[in-house]
Amino acid sequence: MGRRAVAGLEGVELQVIADAVVRTDPRRVERILTNLATNALRHGAPPVEMQVDGPVVRIRDHGPGYPADLLAVLHTSGPNDSARAP
């Protein structure tokens, strides 16, 4: 699925460490992987690396990431944040 997901995407490097047989909807997983790689190309910086290690898939770009002030806010608020409770 990883190979099909990145087919035609320039700037994406695919590394398959180990294959695995998983029970899933292959079209949906392929679409998810394609979307993640496309978003990494669009919003990050090349190269985009997709690594498949059995059932684990990692996608990494070399962009600047989130600003530190935003990460601090995201880290302190989340689904259990009382400010968001209805």
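So, the overall build of the protein chain
Working step 1: A tally of regular secondary structure across the protein chain gives 3 helices and 3 strands.
Working step 2: For the protein chain, the succession of helices and strands along the chain, N to C, is α-β-α-β-β-α.
Working step 3: Buried positions account for 14% of the 86 residues belonging to the protein chain.
Working step 4: Contacts in the protein chain between residues far apart in sequence, at least 24 positions, make up 52% of those at least 6 positions apart.
Working step 5: For the protein chain, the accessible surface area stands at approximately 6700 Å², while carbon and sulfur atoms represent 53% of it.

Focus: the pairing of strand β1 (residues 12-18)
Working step 1: Both β1 and strand β2 (residues 48-53) contribute to a ladder of 6 bridges, which runs parallel. By the bridge assignment, V16 is partnered in β2 with V52.

Let's talk about a nonpolar patch on the surface
Working step 1: On the surface, Y66, L70, L71, V73 and L74 cluster together into a nonpolar patch covering about 480 Å² of accessible area.
Working step 2: Mapped onto the elements, L71 comes out in helix α3 (residues 68-76).
Working step 3: Look at L71 and you get partly exposed, because its relative accessible area is 43%.

Digging into the sheet that holds strand β3 (residues 56-60)
Working step 1: If you trace the 3 strands from one edge of the open sheet to the other, you get β1-β2-β3, paired in mixed fashion. Every other strand in the sheet has two partners, leaving β1 and β3 as the edge strands with one partner each. Recorded for the sheet is a direction-independent mean angle of 15° between the axes of neighbouring strands.

Observations concerning unusual backbone geometry
Working step 1: Between P46 and the following residue, P47, the backbone shows a cis peptide bond with an omega angle of 0°.
Working step 2: Here P47 is to be found in the loop between α2 (26-43) and β2.

So, how was this worked out
- Residues numbered from 1 in each chain as written.
- Predicted model: local features only at pLDDT ≥ 70, side-chain atom pairs only at ≥ 80, totals over all residues.
- Heavy atoms only, no water.
- Helix = DSSP H or I, 4+ residues; strand = E, 2+ residues; numbered from the N terminus.
- Buried < 20%, exposed > 50% of the residue type's maximum accessible area, 1.4 Å probe, protein only.
- Contact = heavy atoms within 4.5 Å.
- Areas by Shrake-Rupley, 256 points an atom, 1.4 Å probe, with all protein chains shown as cover.
- Pairing = 2+ DSSP bridges.
- Patch = residues over 30% accessible without salt bridge, like charges linked within 9 Å, V, L, I, M, F, W, Y side chains within 5 Å.
- Salt bridge = Lys/Arg side-chain N within 4 Å of Asp/Glu carboxyl O.
- Axes fitted to C-alpha atoms, helices over the stretch in contact; angles between N-to-C directions.

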